[in-house]
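# Summary of structural features
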Amino acid sequence: MQRTDTDHEHLARAIELAQQGLGHVHPNPIVGAVVVRDGVVVGEGYHEVFGGPHAEVNAIAACGDADLRGATIYVSLEPCCHEGKTPPCTDAILRAGISRVVVASDDPTEKAAGRGLGILRDEGVTVDIAGGELAAQARLLNQAFRKHARTGRPWVLFKSAMTLDGKVATRTGDSKWISSAQSRELAHRWRSTVDAVVVGIGTALADDPQLTARIDGVTRQPRRVVFDSTARLPLDSRLVQMAPEVPLTVVVSRAAPRTATDGLEMAGADVIVATGEHEHARVRSALDQLGDRDLCSLLLEGGPRLAGAFLDAGEIDEIRLFLAPIVLGGRAARDPLEGEGSETISGALRALTLDCERSADDVLIKARLKEW
């Protein structure tokens, strides 16, 4: 695409609009759209809720009775051409008489993948595809959707809070609270944007957590997932007691007693049997099955053993670490990631990007490990 400043401005606005759908359109991607005629914005929209109209339809509807012949629509993701919960967006674009479509990023799903753009071109619509910074921004908006489309497994965000010397708990297991109240609130916001929150059985037994997003404005709680190889999660735990209202999945191994798994299922939990000879193989097995349940994004909150298994499996896509102004010491204190790890520095996983910002007294470090 031969980019103009106007194209850049309107496509950037479509990407900005898309972000308003985060946490509301699972398992669909977040998408924004802007309609422009004769240099004037006549309509904007984004995909607001799963099952509702897509961004293109909302943007066209926002134009009211305006004549859209000769107009351009800017979309953060290529328009769909298949019948799903709603009719194809390509049909809405053609019916409106829009003559040009500018797209920031592709849709990697098999049912899309350029088909909609081909239909529009065949009908005489000019199609331009962005590159460079805007295309990268649009792809990053939908990493969970893109990974799930390409691999069938959820995108994994690992979150932890650690001391200046890299510890997440004392030798006795105490970890409350390393991070600040502001940082913990931010972590709750992340929970509200993902499909599931994941912990290991050690964390579940030690903390008896709820794993819900406890902030104002949350309309959909994430599924809670516990990796519990021998089904030790107590039936009177808060996770199990809340299962009828907030979905709970327990990932067990073949070694789990049938009586224990039956009890969890009777209490309302979904039980997954992960297979494989090694812990990281069982992680991949579990992620395949969670992906089959249309879970596209996971927030992995620990503990260190489970986080290490995810890392060994190559299934951590982004890391967010709160670094607190605390020094703990102690060789028996816990590290954020255990597992096998890398034998050499040269073989270690290197982040693609690294960003730092302040969160009250903490420093938040964001490291993106993969791009989909």
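Our subject is the structure listed above.
Everything in this summary refers to the structure shown in the same document. (Residues numbered from 1 in each chain as written. Predicted model: local features only at pLDDT ≥ 70, side-chain atom pairs only at ≥ 80, totals over all residues. Heavy atoms only, no water.)

## A word on the packing of helix α1 (residues 5-18) against helix α5 (residues 132-141)
For the record, the criterion: As a rule, the C-alpha atoms of each element are fitted with a line to give its axis, helices using only the stretch in contact, and angles between N-to-C directions run from 0 to 180 degrees. Numbering of helices and strands runs from the N terminus; a helix is a DSSP stretch of H or I covering at least four residues, while a strand is a stretch of E covering at least two. Oblique is the label for any angle not covered by the other classes, which are roughly parallel (under 35 degrees), roughly antiparallel (over 145) and roughly perpendicular (65 to 115). Two residues form a contact once any of their heavy atoms are found within 4.5 Å. Gly falls in the polar group here, along with every residue not listed as nonpolar (Ala, Val, Leu, Ile, Met, Phe, Trp, Tyr, Cys, Pro) or charged (Asp, Glu, Lys, Arg).
In the contact formed by α1 and α5, the axes pass within 10 Å of each other and the chain directions differ by 10°. Relative to α5, the element α1 lies roughly parallel. Each of His 8, Leu 11, Ala 12, Ile 15 and Ala 18 in α1 lies in contact with α5, whose residues at this interface are Leu 134, Gln 137, Ala 138 and Leu 141. When the residues that make up the contact of α1 with α5 are grouped by side-chain class, the tally is seven nonpolar, two polar and no charged.

## Details of unusual backbone geometry
With the exception of glycine, the majority of residues adopt a negative phi angle, and the majority of peptide bonds are in the trans configuration. Cis geometry is adopted by the peptide bond preceding Trp 177, which originates at Lys 176 and carries an omega value of -15°. Cis geometry is adopted by the peptide bond preceding Gly 303, which originates at Gly 302 and carries an omega value of 5°. Turning to its location among the elements, Gly 303 is positioned in the loop between β11 (297-300) and α12 (304-312). Look at Asp 38: it is not a glycine, yet its phi comes out positive at around 55°. Mapped onto the secondary structure, Asp 38 falls in the loop between β1 (32-37) and β2 (40-46).

## Brief notes about the environment of Lys 159
Topologically, Lys 159 is positioned in strand β6 (residues 155-162). Put simply, Lys 159 and Ala 269 are 110 residues apart on the chain and 24 Å apart in space, counted from C-alpha to C-alpha. Among all residues touching Lys 159, those that are not within four sequence positions of it are Ala 187, Trp 190, Leu 299, Leu 300, Glu 301, Arg 320 and Phe 322.

## Notes on the packing of aromatic side chains
Short version of the rule: Whether two aromatic rings pair depends on their centres lying within 6.5 Å, for rings of Phe, Tyr and Trp, where Trp uses its six-membered ring; planes under 30 degrees apart make the pair stacked, over 60 edge-to-face, and the rest tilted. Burial classes follow relative accessibility: with a 1.4 Å probe on protein chains only, a residue under 20% of its type's maximum area counts as buried, one over 50% as exposed, and anything between as partly exposed.
Counted by the stated rule, this structure contains two aromatic pairs. For the pair Trp 190 and Phe 322, a centre-to-centre distance of 5.5 Å together with 10° between the ring planes defines the contact as stacked. One end of the pair, Trp 190, is in helix α7 (residues 181-193); the other, Phe 322, is in strand β12 (residues 318-323), and 132 residues separate them in sequence. Just as Trp 190 is buried, Phe 322 falls in that class too. For the pair Phe 227 and Phe 310, a centre-to-centre distance of 5.6 Å together with 70° between the ring planes defines the contact as edge-to-face. One end of the pair, Phe 227, is in strand β8 (residues 223-227); the other, Phe 310, is in helix α12, and 83 residues separate them in sequence.

## What about the layout of surface pockets?
Here is the rule we go by: Residues are said to line a cavity or pocket when one of their atoms sits within 4 Å of a point; the points come from a 1 Å grid over protein atoms alone, cavities being sets where a 1.4 Å probe fits but cannot get out and pockets being open sets with protein on both sides within 12 Å along at least five of seven lines. Grid points are joined across faces, edges and corners, and a volume is the space filled by probe spheres set on the points.
Here the second largest pocket defines a volume of roughly 1,100 Å³. Lining of the second largest pocket is provided by 39 residues; of these, Leu 22, Leu 140, Leu 141, Thr 193 and Arg 320 occupy positions nearest its centre. Among the secondary structure elements, those contributing two or more residues to the lining of the second largest pocket are α5, α6 (143-151), β6, α7, β12, β13 (353-359) and β14 (362-368). Among the elements that take part in the lining of the second largest pocket, α7 stands out by supplying four residues, more than any other. For the lining of the second largest pocket, the residue count by class is 16 nonpolar, 15 polar and eight charged.

## Here's the deal with the pattern of salt bridges
Oppositely charged side chains are able to pair whenever their charged atoms sit close together. How we decide: The term salt bridge refers to a side-chain nitrogen of Lys or Arg lying within 4 Å of a carboxyl oxygen of Asp or Glu.
Per the counting criterion, the structure on display carries 26 salt bridges. In this structure, the salt-bridge partner of Arg 139 is Glu 371, at a minimum N-O distance of 3.0 Å. Of the two residues, Arg 139 is situated in helix α5 and Glu 371 in the segment after β14; the sequence distance between them amounts to 232 residues. Overall, the relative accessible area of 26% leaves Arg 139 in the partly exposed class. If you follow the salt bridges from partner to partner, you end up with Lys 147, Arg 153, Asp 288, Glu 315 and Asp 317 in one network.

## Here we look at the pairing of β6
The condition is simple: DSSP bridges decide pairing: two strands pair if at least two such bridges lie between them.
Most of β6 is tucked away: eight of the eight residues are buried. A two-sided burial pattern is seen for β6, the buried positions comprising Trp 155, Leu 157, Lys 159 and Ala 161 on one face and Val 156, Phe 158, Ser 160 and Met 162 on the other. Pairing between β6 and β11: four bridges, direction parallel. Across the sheet, Val 156 pairs through a bridge with Leu 298, a residue of β11. Of the strand pairs in this sheet, β6 and β12 are connected by six bridges, and their pairing is parallel. Bridge pairing in β12 places Ser 160 opposite Leu 321.

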